[in-house]
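One letter stands for each residue in the lines below.
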Number of protein chains: 2
Amino acid sequence: MTKGEGIRHMLDRAGDKWTLLVIGALEHGPVRYTELQRSIEGISQRMLTHTLRQLQRDGLVVRDAYAEVPPRVEYALTDLGTSLLDAVTVLIDWAGSHHDEICANRVGYDAAREE
Amino acid sequence: MTKGEGIRHMLDRAGDKWTLLVIGALEHGPVRYTELQRSIEGISQRMLTHTLRQLQRDGLVVRDAYAEVPPRVEYALTDLGTSLLDAVTVLIDWAGSHHDEICANRVGYDAAREE
DNA sequence: CCGAATCCTATACGATACTG
DNA sequence: CAGTATCGTATAGGATTCGG
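Draft legend 1. Molecular detail of the relation of the copies chain A and chain B. Placing chain A over chain B gives an RMSD of 0.1 Å and needs a rotation angle of 180°, together with 0.0 Å of translation along the axis. Here the symmetry operator amounts to a two-fold rotation axis. Every residue of chain A has its C-alpha some distance from the rotation axis, and the shortest such distance is that of A:G15, at 2.4 Å. Most of the interface of chain A is mirrored in chain B: 100% of its interface residues are interface residues there too.

Draft legend 2. Fine view of the interface of chain A and chain B. Each side of the interface is counted separately: chain A has 44 residues, and chain B has 44 residues. Here chain A meets chain B over a buried area of about 4500 Å², counting both sides, of which 68% is carbon and sulfur. Linking chain A with chain B are four salt bridges. Between A:R106 and B:D58 there is a salt bridge, with the nearest N and O atoms lying 2.5 Å from each other. Across the chain A-chain B interface, the total number found is 12 residue pairs in polar contact (both at pLDDT 80 or more). Of the residues forming the side of chain A that touches chain B, the biggest block, 20 residues, is contributed by helix α5 (residues 79–114) of chain A.

Draft legend 3. Spatial organisation of the protein's contact with DNA strand C. Near DNA strand C there are 19 residues, and of these A:M47, B:T34, B:T49, B:R63 and B:Y75 occur at the shortest range. Considering the 4 Å shell around the protein, atoms of DNA strand C inside it are sugar or phosphate in 66% of instances. In this structure, A:W18 approaches DNA strand C through a side-chain N or O atom, which is 3.2 Å from a phosphate oxygen. One of the side-chain nitrogen or oxygen atoms of B:R32 is found 3.3 Å away from a phosphate oxygen of DNA strand C. Going through the elements one at a time, α4 (45–57) of chain A together with α3 (33–39), α4 (45–57) and β3 (72–77) of chain B are the ones with two or more residues in the surface near DNA strand C. Ranked by the residues each element gives to the surface near DNA strand C, the list is headed by α4(B), at four residues. Its residues placed into classes, the surface near DNA strand C shows six nonpolar, five polar and eight charged.

The rules behind these values
Each residue is numbered by its place in its chain's sequence as written, counting from 1. Chain A is the first chain written and ligand 1 is the first ligand written, with later ones labelled in order. Local features in a predicted model are, by the rule used here, given only for residues with pLDDT of at least 70; side-chain atom pairs are given and counted only at 80 or more, and totals for whole chains, interfaces and linings are based on all residues. The basis for every side-chain value is the complete set of non-hydrogen atoms in the structure, without hydrogens or water. Alignment of the copies relies on least squares applied to C-alpha atoms, considering only residues that score at least 70 for pLDDT in both. Note on contacts: a residue pair qualifies if any of its non-hydrogen atoms lie within 4.5 Å across the two residues. When two parts are brought into contact, each loses some accessible area as probed by a 1.4 Å sphere; the total of that loss over both is the buried area. The working definition used for a salt bridge is a side-chain nitrogen of Lys or Arg within 4 Å of a carboxyl oxygen of Asp or Glu. Polar contacts, as counted here, are pairs of nitrogen or oxygen atoms within 3.5 Å of one another; within protein the pair requires one atom able to donate a hydrogen and one able to accept it, and residues that are adjacent in sequence qualify only if both atoms are side-chain atoms. Numbering of helices and strands starts at the N terminus; helices are DSSP runs of H or I of at least 4 residues and strands are runs of E of at least 2. Near, as used in this document, describes a residue that has one of its heavy atoms within 4 Å of the molecule or strand being considered. Classification used: nonpolar for Ala, Val, Leu, Ile, Met, Phe, Trp, Tyr, Cys and Pro, charged for Asp, Glu, Lys and Arg, polar for all others including Gly.

Printed below as a string of structure tokens:
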């Protein structure tokens, strides 16, 4: 596989708005549907469900439903999902380290355009 | 910064369709505009220019124009851009390693839905 | 050769309402 | 509690054309 294909493939899975946030929310073990919705600020039911289905389909997340009253459904990372989280952590750390620098660059760039 | 914010911030820079591909294309030193367009398969002029401007603004890429005939413009990664490329490489490798596995999972998932 | 400007479309996403 | 269904919108991005 070429480098370009690798990047494209990765972005197809993780490039949307919520996928990485959902994976991040599952970092510490199984989480219930409602708990996910609370912990991921701003996500709608529609997108939470949709994102979870995508992740299930790719084998990154497993869904476990318990026949109880009230119903309980838990989602958890598979080994594959965990390995993606590890890989993504590097990028998250980079973003955290350089956030201020990038913001400063933007301010400088925009200021230069206005002259 | 929380983990959620870190993920969101990273995706705001790199989550679009072309950013990481452009950065990847600049891996081995300065590249001319037309050369970039050739090496990044499928990119339109509009998106190449737009993506380069974004990267310039964030300080990830520098633009060098030479007053020659014919005109020559070269783009290159800054140190910041190079550091992002390093962080992204981990994710590219992950995608390459697990591409087949994910495809197989999808086939299995879809087959199960059709029963 | 290196773009900018315009037009157009697909789709990702949010809001809302409803169900087992 | 854990979803599904429907609708409306915003925007990313492609195609095309024109300019320095």
